[in-house]
Structures are given as C-alpha cells and as structure tokens.
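Here is how the chains run, residue by residue.
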Amino acid sequence: MKLTEERIIDAGMAEFAESGYRGLSMRRVAQRLDARAGSLYYHVPSKSALVQLMADRVARQAYEAGTAALAQLDPEAPWQERVEAQLVTLRHALRQHPGGAVMFADSPKVLSTGALALMERVLETLRDGGVPAAHLGVGADALLSHVTGFVLQEQSESPSMTVDAEEATALRQRFPMTVAAAAAPGDDAQDAKYVHSVRLLCAGLAALPDTGA
C-alpha cells in the first residue's frame, strides 16, 4: 500500500501503545509498514513531528466529540455542565487509544494545536462562567491534568496484587477508609466516580474568591 501521513500515524500510534515514547522510532514504524525508514521522512520529517501528529489526532477527536456534546446541551446550561461535557468526552477519546493519556499529557511539549484548542475552550468556559481570572490558568490545567491522571490509572497494566483473607482483614482494619475508597468498581461505577470527581473540581473552582490579582 502507498505510504501516506495517515498510515504512518496509524503505525506510530500502534508502536507507541506497545513501546512508549522511548521505544518509538521511525525505524520501528517503518517496519510495521514494511517500508524503509528513509521513505517515511517524505511524509513525516522526524519522530517529534510524528508524536505531534499523533497527539493532534487524539486531541482533535476529543475536541470534535466535545463540540458534539456541547451542542446537545441547553444553551443556558451552567458552565459546570459545559466543563463536564468536555471532560467526559475527553476521557472517552483518550481511552480509545492505548497510551492515549501519556500522549495527551505530553502534547503541550510538542505544541499540539489540537491539545491547545482543548485547553483554550476549557479556559473560555471557565471565564464565561465567572471563574476569577487569577484562577483560570491553574483551574483549567487542574481539570485537564485530572482527566489525564484518571485515564492513566485506567490504562495502567501494573500487575494486580493478591492477598489472602488474613492479610485483607488486616488491611481493612488498618486502613478502613482507604480500602473502601479503593474497592474496584464496575464500569458503570467507574463512570459515576469520574463524573463525581469532575463535579467536585468544578465546585471548588466555583467557590474560589476573586482576589483581583
């Protein structure tokens, strides 16, 4: 098949999912495409350019999904609901790609315009909702970082630890609140937990005083 930018991005994302950023190379991507590494540079000039394109794809999908979700809201919906719509669709978009959360977390470093567009819209939503200007930057960053961290945990492939009944009892006695909070929920419960966490962050932003800074 003819090499195209889209095919190279597809192969890059597949390699990134298996090897991470350090393992990603134009040579490995070329191997996936049964091509020579040199032939890729006609379409994508470098590994950093490929990472930018990959991050842009993920962010663009999230942005378009967020646009559709916002269009379904009542025009008079409060800003908290508008933030929630954007962050729910962002989480969903990141989960569609193995390694998507890592890619999105690194996207500002590679100046992904898609990721910057997501950030800009969250900032506008907070500003239009009356969040004090002094808190906009940190507030938007905290919201997007929360999404990334949440999905990173969901996509983690760390081995599960097993404990016997005696150990489990000892842990519950020593750390009762932590053990209860960490109980593995089903998918529906995990979705509800995520939405609840976003609402808590929005409630905190809504309560911030205007320092005038």
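Residues numbered from 1 in each chain as written. Predicted model: local features only at pLDDT ≥ 70, side-chain atom pairs only at ≥ 80, totals over all residues. Heavy atoms only, no water.

We now examine the pattern of salt bridges. Counted by the stated rule, this structure contains 11 salt bridges. Here Glu154 and Arg95 are joined by a salt bridge, their closest N and O atoms 3.8 Å apart. Residue Glu154 is found in helix α8 (residues 133-155), and its partner Arg95 is found in helix α5 (residues 79-95); the two are separated by 59 residues along the sequence. In this structure Glu154 comes out as partly exposed when scored by relative accessible area, which is 25%. Here Arg127 makes a salt bridge to Asp128, at a shortest N to O gap of 3.0 Å. Members of the salt-bridge network, linked through shared partners, are Glu15, Glu18, Arg28 and Arg32. (Salt bridge = Lys/Arg side-chain N within 4 Å of Asp/Glu carboxyl O. Helix = DSSP H or I, 4+ residues; strand = E, 2+ residues; numbered from the N terminus. Buried < 20%, exposed > 50% of the residue type's maximum accessible area, 1.4 Å probe, protein only.)

What follows covers a nonpolar patch on the surface. Together, Leu171, Phe175 and Val179 give the surface a local cluster of nonpolar side chains, amounting to about 220 Å² of exposed area. Structurally, Leu171 is set in helix α9 (residues 165-174). (Patch = residues over 30% accessible without salt bridge, like charges linked within 9 Å, V, L, I, M, F, W, Y side chains within 5 Å. Areas by Shrake-Rupley, 256 points an atom, 1.4 Å probe, with all protein chains shown as cover.)

Here we come to the UniProt feature "DNA-binding region" (unreviewed entry) in the protein chain. Mapped onto this numbering, the UniProt entry annotates "DNA-binding region" (unreviewed entry) at residues 25-44. In this annotation, residues 25-44 is assigned 55% helix and 0% strand; the end-to-end C-alpha distance for the span is 12 Å. (UniProt positions renumbered as here; feature names shortened; annotations may be inferred.)

Among the secondary structure elements, Leu50 is positioned in helix α4 (residues 47-71). A residue is classified by how much of its surface remains accessible, and Leu50, at 0% relative accessible area, is buried. Those residues in contact with Leu50 that lie beyond four places of it in its chain are Ile8, Ile9, Gly12, Met26, Val29 and Val44. (Contact = heavy atoms within 4.5 Å.)

For the rest of this paragraph, the subject is the packing of α4 against helix α7 (residues 113-128). Helix packing for two helices is described by the angle between their axes and how far apart those axes are. One way to put it is that α4 packs onto α7 with a least axis distance of 7 Å and a crossing angle of 35 degrees. Contacts between α4 and α7 pair Asp56, Ala59, Ala62, Tyr63, Gly66, Thr67 and Leu70 from the former with Thr113, Gly114, Ala115, Ala117, Leu118 and Arg121 from the latter. Here the contact of α4 with α7 is built from residues that sort into 7 nonpolar, 4 polar and 2 charged. (Axes fitted to C-alpha atoms, helices over the stretch in contact; angles between N-to-C directions. Nonpolar A, V, L, I, M, F, W, Y, C, P; charged D, E, K, R; others polar.)

Our next topic: the packing of α5 against α7. Contact geometry for α5 and α7: axes closest at 9 Å, N-to-C directions at 160 degrees. Taken together, the axes of α5 and α7 lie roughly antiparallel to each other. Crossing handedness for the pair α5 and α7: left-handed. Along the contact surface, α5 presents Trp79, Arg82, Val83, Gln86, Leu87 and Leu90, while α7 presents Leu118, Arg121, Val122, Thr125 and Leu126. A class-by-class count of the residues in the contact of α5 with α7 yields 7 nonpolar, 2 polar and 2 charged. (Parallel < 35°, antiparallel > 145°, perpendicular 65-115°, else oblique. Left-handed = near helix turned anticlockwise from the far one by under 90°.)

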